[in-house]
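Here are the chains, one letter per residue:
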Amino acid sequence: MDIIQTFYDNLASEYDKLFSDWNNDSKEQALILDKLFKDNGYDDNIKILDCACGIGTQAIGLANLGYDITASDISEKELKEAQKRAIKNNVDIKFQNADFRTLSKTFSQKFNIIIAMDNALPHMLTKSDLQMAIKSIINQLNTGGMFVASIRDYNSLIVNKPPYSPPYIYKTENGQRVAFQTWDWNNDHYKLIQYIIEDEEHLKISKFECEYRAVLREEITDILISNGCKSVVWKFYEETGFYQPIVIAKKH
């Protein structure tokens, strides 16, 4: 996991630049998740773990809606950034440094809902690591609990293996900011370089490197079912408004 920790440690102070307005996106994503939770029979009186919280995008938004949130991540620098943002937003979140492949080493309690958003699971570069992660997550759920994750649409991407992602272009007070990724494919793996170009009074270019595996929905569904989930449902942008496909899995 060293490459993942390094990627997110380096990106931590710049991560919000991937959004046109991080605070607004945090609120909007929380409302999307809130609707998913309520559509599946949950109210506000539940315990949620965000096991790949990053700088707190979803965790802080959900805490602002009144949810009891615990948040963990493998990157200590992202956790520190998330803690700062939680204080600014005046929300109480319990933060822990944890690898989601081994959640039981960090948490003794179980949760009603666990989330892992923003394409976190495909950091698992082997099927055995993915199985380990999903088993760890499902084991940390209460009976009848629910796992929610968002994954890039690899079922489509693997067909053409695009060499880059479409750029995001944001107007800023002093110019503009451009963010995009290049993808160097090797079978179902790809090395990613995240570029952030700030074209303002001075030109600044930042780059961050990582690697993913293009995990298909069928593989994730099979692993979830084999680890005790009785139902696995995929929802797409047209239904949720979220920028990635979302999987919803309920534990027996």
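This is a predicted model, so every value here is computed, not measured.

So, how was this worked out
- Residues numbered from 1 in each chain as written.
- Predicted model: local features only at pLDDT ≥ 70, side-chain atom pairs only at ≥ 80, totals over all residues.
- Heavy atoms only, no water.
- Pairing = 2+ DSSP bridges.
- Helix = DSSP H or I, 4+ residues; strand = E, 2+ residues; numbered from the N terminus.
- Axes fitted to C-alpha atoms, helices over the stretch in contact; angles between N-to-C directions.
- Contact = heavy atoms within 4.5 Å.

Caption draft 1: A look at the sheet that holds strand β8 (residues 189-199). In space, the four strands of this open sheet follow the order β6-β7-β8-β9, with antiparallel pairing throughout. At either end of the open sheet lies a strand with only one pairing partner, and these are β6 (168-172) and β9 (203-213). Each neighbouring strand pair of the sheet contributes to a mean axis angle of 15 degrees, computed without reference to strand direction. Examined bridge by bridge, strand β7 (residues 175-186) and β8 share eleven bridges and lie antiparallel to one another. Bridged to Q181 within β8 is Q194. Packing against the sheet, helix α1 (residues 2-11) makes contact with β8 and β9, and its axis sits at approximately 155 degrees to β9.

Caption draft 2: Inspection of the sheet that holds strand β11 (residues 246-251) at higher detail. Spatially, seven strands are ordered β3-β2-β1-β4-β5-β11-β10 in an open sheet, and the strand pairing comes out mixed. In this open sheet, the two strands that pair with only one neighbour each are β3 (94-97) and β10 (229-235). For this sheet, the mean angle separating the axes of adjacent strands, direction not counted, is 15 degrees. Of the strand pairs in this sheet, strand β5 (residues 141-150) and β11 are connected by five bridges, and their pairing is antiparallel. When the bridges of β11 are listed, S150 appears paired with I246. In the packing of helix α5 (residues 127-139) onto the sheet, contacts are made with β4 (111-116), β5, β10 and β11, and the angle to β5 comes to roughly 135 degrees.

Nothing here speaks to function; it is geometry throughout.
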